[in-house]
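In case you want the letters, here they are:
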Amino acid sequence: MKELKDKIEEFLEKNPNGVVFFVWPTASWKTQLSLDTINAGIDAEIINSDSRQIYKYMDIWTDKVSKEIREEIPHHLMDIINPNELFTAWDWKKLALEKVEEIQKKWKIPFIVGWTGLYTDTIYKNYSLPDAKPDFKFREKLYKQEEENSGILWEKLNEIDPKEASKLHPHSVRYIVRALEIYEKTGKPKSEVCYEQEVPFPILMVIKRAEKEVANPKINKRVKEMFENGLVEEVENLLKMWYTEKDQWMQGIGYKEVVPYIKGEYDRGKAIELVKKNTHYYAKKQRTFFRRYIQDMRANPKKNVYYIFID
């Protein structure tokens, strides 16, 4: 911890307006690492970059830090919207930049913690923002086309924006749909309207690794504790409010397995095992993606961005 603290302080001494990111996929202790760094003496506040933790009423599923910790160490962009409200990566970027400025005015250090890659990249890659709000009817039509003819959306994207298509696997349907939506709304390929710019301030990326041997036991332990701490009751309470199992957030791992259990389609033990299995698979996908992400970082270092890799 002392070595990491010293490196962060060295970065901040050279870059007084710097911002520190703590990133890496599920079950890598990045949240705890950021808290430990603050407790070791870095005067910082945390900006959440986990797209699930922005929602109210979803504490157990999203593994939020306790309210006691949040009272001691301020956390921003957490519990800010209802689950049925629309919130985009661009909304997050706007609010996150406001919070960076707000924290720095208090002579404190902004720590951006979490790993929703699209959120992080809006600042780390400082993407230009297209004027293309989500169109759910258009998306529904595209998803139906893909369901009827797998791979058809990638082919469409390759025709209008081969540069963007070359970055995406045909199974990355959500990202393909967004690229097609941007073209539909702007008349321009995503690769033309979404491009990288220089970062708005110096950035230190603290990258915490967590390979399968470390991550999977932690995932198993976390899932067990989620059920013990009331995950089922959390889902039941949401369903009793004004939400339904068809809402987008209810399709997330941890909720989509609990709903059938509540409906009596299988027992609690199977629900727990399904959450573990699906979380392992999700974490594996994240690790695979992030390895390529790190390779890109090393092959194409960005101006005013610095890196610390922690095993």
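Details of the structure are given in the entry above.
Throughout, residues of each chain are indexed from 1 in the direction in which the sequence is written. The predicted nature of this model means local features are confined to residues of pLDDT at least 70 and side-chain atom pairs, given and counted, to a pLDDT of 80 or more, with totals for whole chains, interfaces and linings taken over all residues. Side-chain metrics rest on all non-hydrogen atoms present in the structure, leaving aside hydrogens and water.

Points about the overall build of the protein chain
Argument step 1. Each helix is a run of H or I in the DSSP string that is no shorter than four residues. Each strand is a run of E no shorter than two, and both are numbered from the N terminus. The secondary structure content of the protein chain amounts to 14 helices and six strands.
Argument step 2. Exposure is judged per residue with a 1.4 Å probe applied to protein chains only, and the accessible area is read against the type maximum: over 50% gives exposed, under 20% gives buried, and values in between give partly exposed. Counting across all 311 residues of the protein chain, residues that qualify as buried make up 50%.
Argument step 3. Contacts are assigned to residue pairs that have any heavy atoms within 4.5 Å of one another. Sequence-distant contacts in the protein chain: of pairs separated by 6 or more residues, those separated by 24 or more amount to 77%.
Argument step 4. Using the Shrake-Rupley algorithm and a 1.4 Å probe, accessible areas are obtained, with residue cover drawn only from the displayed protein chains. When the accessible area of the protein chain is evaluated, it comes to approximately 16,700 Å², of which 49% is carbon and sulfur surface.
Argument step 5. Think of it this way: Lys and Arg go in the positive column, Asp and Glu in the negative one, and His and the chain ends go nowhere. Charged side chains are reduced to one point each, which is NZ for Lys, CZ for Arg, CG for Asp and CD for Glu. The average position of the 53 basic charges and that of the 51 acidic charges among the side chains of the protein chain differ by 2 Å.

A word on the nonpolar core
Argument step 1. What we call a nonpolar core is a set of buried Ala, Val, Leu, Ile, Met, Phe, Trp, Tyr and Cys residues that are connected through their side-chain atoms within 4.5 Å. Core analysis: the biggest nonpolar cluster contains 51 residues, and Trp92, Met205, Phe227 and Tyr255 have the highest contact counts within it.
Argument step 2. The set of elements that each furnish at least two residues to this core consists of strand S1 (19-23), helix H4 (89-105), helix H5 (117-124), strand S5 (203-208), helix H11 (212-228), helix H12 (231-240), helix H13 (258-262) and helix H14 (268-299).
Argument step 3. At eight residues, the largest contribution of residues to this core is made by H14.
Argument step 4. When near neighbours in sequence (up to four residues on either side) are disregarded, Met205 contacts Phe21, Val23, Tyr124, Met297, Val305, Tyr306, Tyr307 and Ile308.

Some remarks on the pairing of strand S2 (residues 44-48)
Argument step 1. Of all the five residues making up S2, five are buried; the element is thus mostly covered by neighbouring parts of the structure.
Argument step 2. In S2, alternate side chains face the same way, and those of Ala44, Ile46 and Asn48 on one face and Glu45 and Ile47 on the other are all buried.
Argument step 3. Any two strands between which DSSP finds at least two bridges are classified as paired. Taken together, the five bridges between S2 and strand S4 (residues 109-113) define a ladder with parallel strand orientation. Looking at S4, one finds that Ala44 is bridged to Ile109.
Argument step 4. Relative to strand S3 (residues 75-76), S2 runs parallel, the two being bridged by two bridges. In the sheet register, Ile47 faces S3, and the bridge partner there is His76.

Overview of H14
Argument step 1. Take the residue count of a helix, subtract one, and multiply by 1.5 Å to get its expected span. In a regular helix each residue adds 1.5 Å, so 32 residues correspond to 46 Å; H14 covers 47 Å between its end C-alpha atoms and thus fits that length.
Argument step 2. Within H14, the full set of buried residues consists of Ala271, Ile272, Val275, Lys276, Thr279, Ala283, Gln286, Arg287, Phe290, Tyr293, Ile294 and Met297.
Argument step 3. For H14, the elements touching its buried residues are S1, H5, S5, H11, H13 and strand S6 (305-310).

Re the pattern of salt bridges
Argument step 1. We define a salt bridge as a contact between a side-chain nitrogen of Lys or Arg and a carboxyl oxygen of Asp or Glu at a distance within 4 Å. Considering all chains together, one arrives at 25 salt bridges under this definition.
Argument step 2. Glu164 is the partner of Lys190 in a salt bridge, and the nearest nitrogen-oxygen pair spans 3.4 Å. One end of the pair, Lys190, is in helix H10 (residues 190-193); the other, Glu164, is in helix H8 (residues 162-165), with 26 residues separating them in the sequence. Taken individually, Lys190 and Glu164 each receive the classification buried, so the pair is uniform in this respect.
Argument step 3. Note that Glu265 and Lys263 form a salt bridge whose closest N and O atoms lie 3.8 Å from each other.
Argument step 4. On the basis of relative accessible area, Lys263 is assigned to the partly exposed category, the value being 49%.
Argument step 5. Connected via shared salt-bridge partners are Asp59, Lys64, Arg70 and Asp79.

So, the packing of H11 against H14
Argument step 1. Throughout, an axis means a line fitted to C-alpha atoms (over the contacting stretch in the case of helices), and angles, computed between N-to-C directions, take values from 0 to 180 degrees. One way to put it is that H11 packs onto H14 with a least axis distance of 10 Å and a crossing angle of 145°. Crossing hand, H11 versus H14: right-handed. From H11, Lys212, Ala215, Asn216, Ile219, Asn220, Val223, Phe227 and Glu228 reach across to H14, where they touch Arg268, Ala271, Ile272, Val275, Lys276, Thr279, His280, Ala283 and Arg287.
Argument step 2. Any residue that is not Ala, Val, Leu, Ile, Met, Phe, Trp, Tyr, Cys, Pro, Asp, Glu, Lys or Arg is counted as polar, Gly included; the first ten are nonpolar and the last four charged. Of the residues belonging to the contact of H11 with H14, the class tally is eight nonpolar, four polar and five charged. Left-handed describes a crossing whose near helix is turned anticlockwise from the far helix by less than a right angle; the clockwise case is right-handed.

A word on the sheet that holds S4
Argument step 1. Taking strand neighbours across the sheet as the criterion, the six strands line up as S3-S2-S4-S1-S5-S6 in an open arrangement whose pairing is parallel. Lying at the two open borders of the sheet, with one neighbouring strand each, are S3 and S6.
Argument step 2. Contacts between helix H2 (residues 30-39) and the sheet are confined to S1, S2, S3, S4, S5 and S6, with S4 contributing the most and set at about 165° to the helix.
Argument step 3. Against the sheet, H4 touches S1, S2, S3 and S4, its axis set at about 175° to S2.

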